[in-house]
Amino acid sequence: RITSVQISENPSDILYFGTYYSRVFRVENAHSENPIVKDITGNEFPPFSTVTCVAIDPDDADKVFAVMSNYSIISIFYSENGGETWVPVSGNLEERPDGTGAGPNVFWMEILKIGEEKLYFAGTSIGVFSTAYIDGMNTVWNMEAPDLIGNSVCRTMDSRSSDGLVVAGTYGYAVFSKNFKSMPALPDSPQLILPAMSRRAILDTATFSWQPVEDAVFYKLEISKDPTFEEVDYVFDGIRETEYLVRELEQGLVDYYWRVSARSYAGVGAPSGSYQFRTAVAPP
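Figured I'd write up the structure that's included with this text. Being a predicted model, the structure only gives us computed values, none of them experimental.

## Digging into the overall build of the protein chain
For step 1, the next point in the chain: In terms of helices and strands, the protein chain carries 0 helices and 24 strands.
For step 2, the next point in the chain: Overall size of the protein chain, expressed as C-alpha extent along the three principal axes, is 75 × 40 × 35 Å.
For step 3, the next point in the chain: Counting only residues that meet the buried cut, the protein chain has 47% of its 284 residues in that class.
For step 4, the next point in the chain: Expressed as a percentage of contacts within the protein chain between residues at least 6 apart in sequence, the contacts between residues at least 24 apart total 52%.
For step 5, the next point in the chain: Counting only carbon and sulfur atoms, one obtains 48% of the accessible surface of the protein chain, whose full area is about 14200 Å².

## With respect to the environment of P212
For step 1, the next point in the chain: You can see P212 is positioned in the loop between β18 (206-210) and β19 (218-224).
For step 2, the next point in the chain: Separated by 195 residues in the primary sequence, P212 and F17 place their C-alpha atoms 42 Å from one another.
For step 3, the next point in the chain: Aside from chain neighbours lying at most four places away, what touches P212 is Y219 and T242.

## Topic: a nonpolar patch on the surface
For step 1, the next point in the chain: On the surface, a cluster of nonpolar side chains totalling about 380 Å² of accessible area is made up of Y20, Y21 and F48.
For step 2, the next point in the chain: The exposure class of F48 is exposed, given its relative accessible area of 62%.

## A closer look at the pairing of strand β11 (residues 127-131)
For step 1, the next point in the chain: Taking burial as the measure, the 5 residues of β11 include 5 buried ones, the bulk of the element.
For step 2, the next point in the chain: Here strand β10 (residues 117-124) pairs with β11 via 5 bridges, running antiparallel. Across the sheet, G123 pairs through a bridge with V128, a residue of β11.
For step 3, the next point in the chain: Linking β10 back to β11 in an antiparallel pair, the connection comprises 2 residues.
For step 4, the next point in the chain: As defined by bridge partners, β11 adjoins strand β12 (residues 142-143) across 2 bridges and the pair is classed as antiparallel. Of the residues in β12, the one forming a bridge with F129 is M143.

## Some details on unusual backbone geometry
For step 1, the next point in the chain: Along the chain, N10 connects to P11 via a cis peptide bond; the corresponding omega equals -5°.
For step 2, the next point in the chain: Assignment of secondary structure puts P11 in the loop between β1 (2-7) and β2 (15-19).
For step 3, the next point in the chain: For the peptide bond that leads from L194 to P195, omega is -5°, which places it in the cis range.
For step 4, the next point in the chain: The backbone of N29 shows a phi angle near 55°, a positive value even though the residue is not glycine.
For step 5, the next point in the chain: Within the fold, N29 resides in the loop between β3 (24-28) and β4 (36-39).
For step 6, the next point in the chain: If you check the backbone angles, D215 has positive phi at about 75° while not being a glycine.
For step 7, the next point in the chain: Examined against the element boundaries, D215 turns out to sit in the loop between β18 and β19.

## Things to note about the sheet that holds strand β8 (residues 87-88)
For step 1, the next point in the chain: Ordered by their spatial adjacency, 4 strands build an open sheet running β5-β6-β7-β8, and the pairing between neighbours is antiparallel. Here the strands that pair on one side only, and so sit at the sheet edges, are β5 (50-57) and β8.
For step 2, the next point in the chain: Examined bridge by bridge, strand β6 (residues 60-69) and strand β7 (residues 76-79) share 4 bridges and lie antiparallel to one another. Bridged to V67 within β7 is I76.

## As for the layout of surface pockets
For step 1, the next point in the chain: Computed from the structure, the largest pocket encloses a volume of approximately 300 Å³.
For step 2, the next point in the chain: What lines the largest pocket is a set of 18 residues, among which E9, I56, E110, I111 and S159 lie closest to the centre.
For step 3, the next point in the chain: Mapped onto the lining of the largest pocket, the elements with two or more residues apiece are β1, β5, β9 (106-114) and β13 (154-160).
For step 4, the next point in the chain: For the lining of the largest pocket, the element with the most residues is β9, which contributes 6 residues.
For step 5, the next point in the chain: Residues that form the lining of the largest pocket fall into these classes: 8 nonpolar, 4 polar and 6 charged.
For step 6, the next point in the chain: The space that makes up the second largest pocket amounts to roughly 250 Å³.

## Details of the packing of aromatic side chains
For step 1, the next point in the chain: Counted under the stated rule, the structure contains 16 aromatic pairs.
For step 2, the next point in the chain: With a centroid separation of 4.9 Å and 40° between ring planes, the pair formed by F236 and Y244 is classed as tilted.
For step 3, the next point in the chain: Following the ring pairs from residue to residue traces out a cluster consisting of F208, Y234, F236, Y244, Y256, W258, Y275 and F277.
For step 4, the next point in the chain: When the ring centre of Y20 is taken as reference, the NZ or CZ atom of R1 above it lies at 4.5 Å.

Cut-offs used in this document
Residues numbered from 1 in each chain as written. Predicted model: local features only at pLDDT ≥ 70, side-chain atom pairs only at ≥ 80, totals over all residues. Heavy atoms only, no water. Helix = DSSP H or I, 4+ residues; strand = E, 2+ residues; numbered from the N terminus. Buried < 20%, exposed > 50% of the residue type's maximum accessible area, 1.4 Å probe, protein only. Contact = heavy atoms within 4.5 Å. Areas by Shrake-Rupley, 256 points an atom, 1.4 Å probe, with all protein chains shown as cover. Patch = residues over 30% accessible without salt bridge, like charges linked within 9 Å, V, L, I, M, F, W, Y side chains within 5 Å. Salt bridge = Lys/Arg side-chain N within 4 Å of Asp/Glu carboxyl O. Pairing = 2+ DSSP bridges. 1 Å grid on protein atoms, 1.4 Å probe; cavity = no way out; pocket = protein on both sides within 12 Å on 5 of 7 lines; lining within 4 Å. Points joined across faces, edges and corners; volume = space filled by probe spheres on them. Nonpolar A, V, L, I, M, F, W, Y, C, P; charged D, E, K, R; others polar. Phe/Tyr/Trp six-rings, centres within 6.5 Å; stacked < 30°, edge-to-face > 60°. Lys NZ or Arg CZ within 6 Å of the ring centre and 35° of its normal.

Structure below.
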């Protein structure tokens, strides 16, 4: 049972379709008398869901999204190689990284090209969300028009790149539209708190903290013995809070440098300035 169909723009002869029970197919040479049909269903796809939408990048038919409609599952998958491999990208739409919890049902995905960049929209059971930066499960989705569309069920969307128009159809409520003229601004750099600059005698387990950044959902903490961060000793990404407990810091008067960057639906902002600290004397 076919539940979604989409045709590519560049090139214009590749067709994708999704079915019941989470299967996705790619049809090459779709305009010819002898099309080639290939099953590109990902091993990571949840088995009990419906592929309600396949969204194709307008510039590259190998870049494709598959939307899985159900609750307590990973909702959106992305491939950059025509379906050979897939990665989940529903990010903060899910309560937990494995898709379980109180995350919404996702029905649709739309790609809007603005100049040389793109905005991505998701129609869900609790409204419309958007992002400008796809980064696996660290992708941040931002709720659109919370005071207008609110948590209305959005089952379908369409867009027009010539004037940035996006239209969202909701279930039993209304149709909404907006013209997007520019990309959202990147988040600011966080202000670091602890360990403070030039702090001494830091033990092997320490809490790192920083000020929250507006619109940021995830943070990345980097710790390095190199002040230029060309080589990084510790990287902790996808942090949802503004503090993080780090273990097994090398002891023995070792100088470390640390910094934090914030990630919002617009992308990853510039990292903060770095703070330096020194660990405690190593035990005998």
